[in-house]
Amino acid sequence: MKKDVEKSSASNYACYRWGCMVPAHIVWKIGALKDLAEKFMGSRLAALGYEGLVPSHGGIMAMLFSAGGKLQMKEIVDRLNRTKSTVSELVNKLEQYGLVKRCECNVDGRVCYVSLTEKGRSFEKDLAKVAAELNAALYKGFSDEEKSTVESLVLRMKENLSE
């Protein structure tokens with residue numbers, strides 16, 4: 001490999017050293033974007049009194065909003081593609097804020113449901129506002145076509161890795 005390969009960023013240098021042929025490591029850039037989005041959402045949620053909530057909490061809440069307010073814990077685990085213990089920790093935090101509660105199934109004690117509380121139902125407006133602010137910041141200066149292209153390309157990359 002030539003020594004004159006551009007080494008202007010850490011990700012370019014890593015690709016040079018490891019022999020990959022992309023100008024910059026896209027996974028690193030997407031990871032950095034994810035970190036910034038989490039900071040953005042975290043600071044906005046903290047300003048509303050929800051210190052420590054992260055996008056994964058919002059994902060659980062959005063699932064509950066769209067499901068009428070109640071889901072089995074197993075379904076949340078499957079949809080988030082996370083471990084049971086990770087989802088349990090996320091639900092614990094939501095319970096601490098009084099946004100959700102757990103309840104066992106009357107028919108099968110092994111089944112646990114997560115349901116919205118009244119406070120959780122009212123949180124939908126706050127979460128929608130923060131999500132809209134995030135999208136506005138992410139797509140600032142993008143045309144509708146560019147937004148669609150970005151989403152399409154990222155989904156294709158995800159599908160490629162899922163094969």
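Examining the pairing of strand β3 (residues 112-116)
Bridge count between strand β1 (residues 70-72) and β3: three bridges; the pairing is antiparallel. Residue pairing across strands places K70 opposite S115, the latter belonging to β3.

Topic: the layout of surface pockets
Computed from the structure, the largest pocket encloses a volume of approximately 1,400 Å³. Elements represented by at least two residues in the lining of the largest pocket include exactly α2 (26-47), α3 (55-66), α6 (118-138) and α7 (144-162). Among the elements that make up the lining of the largest pocket, the one with the highest residue count is α7 (nine residues). Residues of the lining of the largest pocket, tallied by class, amount to 20 nonpolar, six polar and five charged. For the second largest pocket, the calculated volume is near 180 Å³.

With respect to the state of the cysteines
One pass over the full model with this rule turns up zero disulfides. Free of any disulfide, C103 has its nearest neighbouring cysteine sulfur in C112, separated by 6.9 Å.

Points about the sheet that holds β1
The strand order across the open sheet built from three strands is β1-β3-β2, with neighbouring strands paired in antiparallel fashion. Edge positions in the sheet fall to β1 and β2 (100-104), since each of these pairs with one other strand and no more. Taking the axes of each pair of neighbouring strands and ignoring which way they run, one obtains an average angle of 25° across the sheet. Sitting on the sheet, α3 is in contact with β1, β2 and β3, with an inclination near 85° to β3. Of the strands in this sheet, β2 and β3 touch helix α5 (residues 84-96), which is tilted by about 120° from β2.

Points about the pattern of salt bridges
Going through the model one piece at a time under the given rule, you end up with seven salt bridges. The salt bridge involving K34 is made with E38; its shortest N-O contact spans 2.8 Å. Of this pair, K34 and E38 both sit in helix α2, separated by four residues, roughly a single helical turn. K34 sits in the partly exposed class, given a relative accessible area of 46%. A salt bridge links R79 to E75; its shortest N-O distance comes to 2.7 Å. You can see R79 and its partner E75 sitting in helix α4 (residues 73-80), four residues apart, about one turn around the helix.

What counts, and where the lines are drawn
Residues numbered from 1 in each chain as written. Predicted model: local features only at pLDDT ≥ 70, side-chain atom pairs only at ≥ 80, totals over all residues. Heavy atoms only, no water. Pairing = 2+ DSSP bridges. Helix = DSSP H or I, 4+ residues; strand = E, 2+ residues; numbered from the N terminus. 1 Å grid on protein atoms, 1.4 Å probe; cavity = no way out; pocket = protein on both sides within 12 Å on 5 of 7 lines; lining within 4 Å. Points joined across faces, edges and corners; volume = space filled by probe spheres on them. Nonpolar A, V, L, I, M, F, W, Y, C, P; charged D, E, K, R; others polar. Disulfide = S-S within 2.5 Å. Axes fitted to C-alpha atoms, helices over the stretch in contact; angles between N-to-C directions. Contact = heavy atoms within 4.5 Å. Salt bridge = Lys/Arg side-chain N within 4 Å of Asp/Glu carboxyl O. Buried < 20%, exposed > 50% of the residue type's maximum accessible area, 1.4 Å probe, protein only.

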